Amino acid sequence: MTQQKQRLDRPTRKQVVIHDIKQRPDIFQFRHNQRDEDHVKDLVAVLKTGQDLDRVILWHDPDENELVLVDGHHRIAAYKRLGNRKKVPALVYSCDLRQARVMALKENVKTRLPLTTEERMDAAWQLVCLDCYSRRETLEASGVSDGTVAKMRRTRKQLLCRDPDTDCQCAFKTDPV
């Protein structure tokens, strides 16, 4: 699991055509309920006052040469619902998928519309199951406690000892294995 850490380069600030933004919620959306309609309505109300929303965060996928939404699913929904914007303010990162996934999780543990405790636990479990993130990266990205991450790592190890072909990407449960 020794991987060389890459430094996250500064993002590029751009106005991006809204229809050029691809969404991959299976990779970048850690919420159980992918859209909170009340939050989208609140964002639309802000847009109607003429204010801009925070920049959405995009990842430039080098393999597909696409701009993929990492953070800002509710903001994009609000811009689309209002329907009067062709371009949206964005920060575009060029990095690998591994860094982009952690960036998405870090953005979603902020206080804007944070992940629930259960969602943060499940997101941390996903990172543990992918087996390419350090304990520290998982702690920092998810906001889950050190003890919980340690328990998740032990649980994953036990599951794999019992059945090396197991798919441990299901939701993490605090019950012992």
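Quick note: structure is the one above.
Note that the coordinates shown come from a computational prediction; the quantities given were computed from them, not determined experimentally.

A. Looking closely at the sheet that holds strand S2 (residues 21–23). A sheet is described by the order of its strands in space; here five strands give the open sequence S1-S5-S3-S4-S2, paired in mixed fashion. Of all the strands in the sheet, the pair left with one neighbour each is strand S1 (12–17) and S2. Sheet twist, expressed as the average angle between the axes of neighbouring strands with direction ignored, equals 50°. Alignment of S1 against strand S5 (residues 87–93), held across six bridges, turns out to be antiparallel. In the sheet register, Thr12 faces S5, and the bridge partner there is Val92. Packing of helix H3 (residues 73–82) onto the sheet brings it into contact with S2, strand S3 (56–61), strand S4 (66–71) and S5, and relative to S4 it is tilted by some 115°. Running over the sheet, helix H4 (residues 97–108) touches S3, S4 and S5 and is turned about 35° from S4.

B. Representation of the packing of helix H2 (residues 37–48) against H3 within the structure. Two elements in contact, H2 and H3, have axes whose closest approach is 8 Å; the angle formed by their N-to-C orientations is 60°. Relative to H3, the element H2 lies oblique. Where H2 crosses over H3, the handedness of that crossing is right-handed. Within the contact between the two elements, H2 uses Glu37, His39, Val40, Lys41, Leu43, Val44, Leu47 and Lys48 and H3 uses His74, Arg75, Ala77, Ala78, Tyr79, Arg81 and Leu82.

What counts, and where the lines are drawn
Residues numbered from 1 in each chain as written. Predicted model: local features only at pLDDT ≥ 70, side-chain atom pairs only at ≥ 80, totals over all residues. Heavy atoms only, no water. Pairing = 2+ DSSP bridges. Helix = DSSP H or I, 4+ residues; strand = E, 2+ residues; numbered from the N terminus. Axes fitted to C-alpha atoms, helices over the stretch in contact; angles between N-to-C directions. Contact = heavy atoms within 4.5 Å. Parallel < 35°, antiparallel > 145°, perpendicular 65-115°, else oblique. Left-handed = near helix turned anticlockwise from the far one by under 90°.

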